[in-house]
Amino acid sequence: MSVLHWNFYMTPKNICRVFFAVTIISLFFMIGNGHCISIKIGWNPSGKGDPTGYKIYYFCERQTGFEAFVIDVGDKTIKSLNLQKGYQYYIVVTAYNEYGESAPSNVLSVNTCTYRLSPGKKTMKQTGGFSSVEVKTQPDCNWSAASGSDWLKIIDGESGKGRGVIRYVVESNDTYEPRTVICTFAGKSFTVKQKGKK
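Bear in mind that the values here come from a model prediction, so they are computed numbers and not experimental data. (Residues numbered from 1 in each chain as written. Predicted model: local features only at pLDDT ≥ 70, side-chain atom pairs only at ≥ 80, totals over all residues. Heavy atoms only, no water.)

A. Expanded view of the pairing of strand β4 (residues 53-62). Here nine bridges tie β4 to strand β7 (residues 88-97), and the two strands are oriented antiparallel to one another. From the neighbouring strand, Glu61 faces β7, where its bridge partner is Gln88. Bridge count between β4 and strand β5 (residues 65-74): nine bridges; the pairing is antiparallel. From the neighbouring strand, Glu61 faces β5, where its bridge partner is Phe66. Taking the residues between adjacent antiparallel strands as the criterion, β4 and β5 are bridged by two residues. (Pairing = 2+ DSSP bridges. Helix = DSSP H or I, 4+ residues; strand = E, 2+ residues; numbered from the N terminus.)

B. Focus on the pattern of salt bridges. What the rule picks out here adds up to five salt bridges. Salt-bridge contacts for Asp156 lead to Arg167; the nearest nitrogen and oxygen are separated by 3.2 Å. Of the two residues, Asp156 is situated in strand β14 (residues 152-156) and Arg167 in strand β16 (residues 164-170); the sequence distance between them amounts to eleven residues. Arg167 sits in the partly exposed class, given a relative accessible area of 39%. (Salt bridge = Lys/Arg side-chain N within 4 Å of Asp/Glu carboxyl O. Buried < 20%, exposed > 50% of the residue type's maximum accessible area, 1.4 Å probe, protein only.)

C. Expanded view of the sheet that holds strand β17 (residues 179-185). Taken together, the five strands give an open sheet; going across it, the order is β11-β18-β17-β13-β15, and neighbouring strands pair in mixed fashion. The open sheet has two edge strands with one neighbour each: β11 (121-124) and β15 (159-161). Shown here is a sheet whose adjacent strand axes are inclined to one another by a mean of 20°, direction ignored. Pairing between strand β13 (residues 142-146) and β17: two bridges, direction antiparallel. The partner of Ala145 across the bridge, within β17, is Phe185. (Axes fitted to C-alpha atoms, helices over the stretch in contact; angles between N-to-C directions.)

D. Spatial organisation of the sheet that holds β14. Taken in spatial order, the four strands of this open sheet run β10-β12-β16-β14, and their pairing is antiparallel. One side of each edge strand has no neighbouring strand; the edge strands of this open sheet are β10 (116-118) and β14. In this sheet, adjacent strand axes meet at a mean angle of 35° when their direction is disregarded. Direction of pairing for β10 relative to strand β12 (residues 129-136): antiparallel, over a ladder of three bridges. By the bridge assignment for β12, Leu117 is matched with Val135.

E. Main features of unusual backbone geometry. The residue after Ser118, namely Pro119, is reached through a cis peptide bond having omega 0°. Within the fold, Pro119 resides in the loop between β10 and β11. Unlike most non-glycine residues, Ala186 shows phi in positive territory, near 50°. Along the chain, Ala186 turns up in the loop between β17 and β18 (188-194).

F. How the structure looks around the packing of aromatic side chains. Across all of its chains, the model carries six aromatic pairs by this definition. Residues Phe66 and Tyr90 carry aromatic rings whose centres are separated by 6.2 Å and whose planes lie at 55° to one another, so their mutual orientation is tilted. With Phe66 in strand β5 and Tyr90 in strand β7, this residue pair connects regions lying 24 residues apart in the sequence. When the centroid spacing of 5.1 Å and the interplanar angle of 25° are considered together, the rings of Phe185 and Phe190 count as stacked. Aromatic rings pair up to connect Tyr58, Phe69 and Tyr89 into one cluster. Taking NZ or CZ as reference, Lys55 lies 5.8 Å from the ring centre of Tyr96, over its face. Cation over ring: Arg62 sits above Tyr87, and NZ or CZ is 4.4 Å from the ring centre. (Phe/Tyr/Trp six-rings, centres within 6.5 Å; stacked < 30°, edge-to-face > 60°. Lys NZ or Arg CZ within 6 Å of the ring centre and 35° of its normal.)

So, in structure tokens, the structure goes:
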């Protein structure tokens, strides 16, 4: 559960500002089949003022620019949104009543990129050598790669966008003990085990 505080200001006809404090009480992801991710956000208005409804604005960042959507949820304080996988979304909420609509809330940022590594782990010989891992993701999704030890060096693919390959080299293990390193590739843990001398 992630909790955020969203502030609203509503300006009625007499120019007096009415303060709204809106708290997100739940934010969770339900990874569905196909190309969508469903998120549910809920907010708990408190403080002064008398909003009669809320609007959710969400913006999808694409290569061609931003695509905007708006939903009037009435007086509901919880809503599910189906977001397409592989994009960065920015979500704000406004409150409204008979006098008009409030300023937007603080921005809620949601990234719907999904990442998969192939293979998911690796075992290397004692002599070390070169290897690689494929990053599988959507075309507009950025990723990076970081080694977890000085005996594993990334030689290509420290960062990328969309599908790509991370190439690395493992040094020789000159001890009799096996060793393990956990790297971070595209936000995921990638474990490399290496055998020791016999």
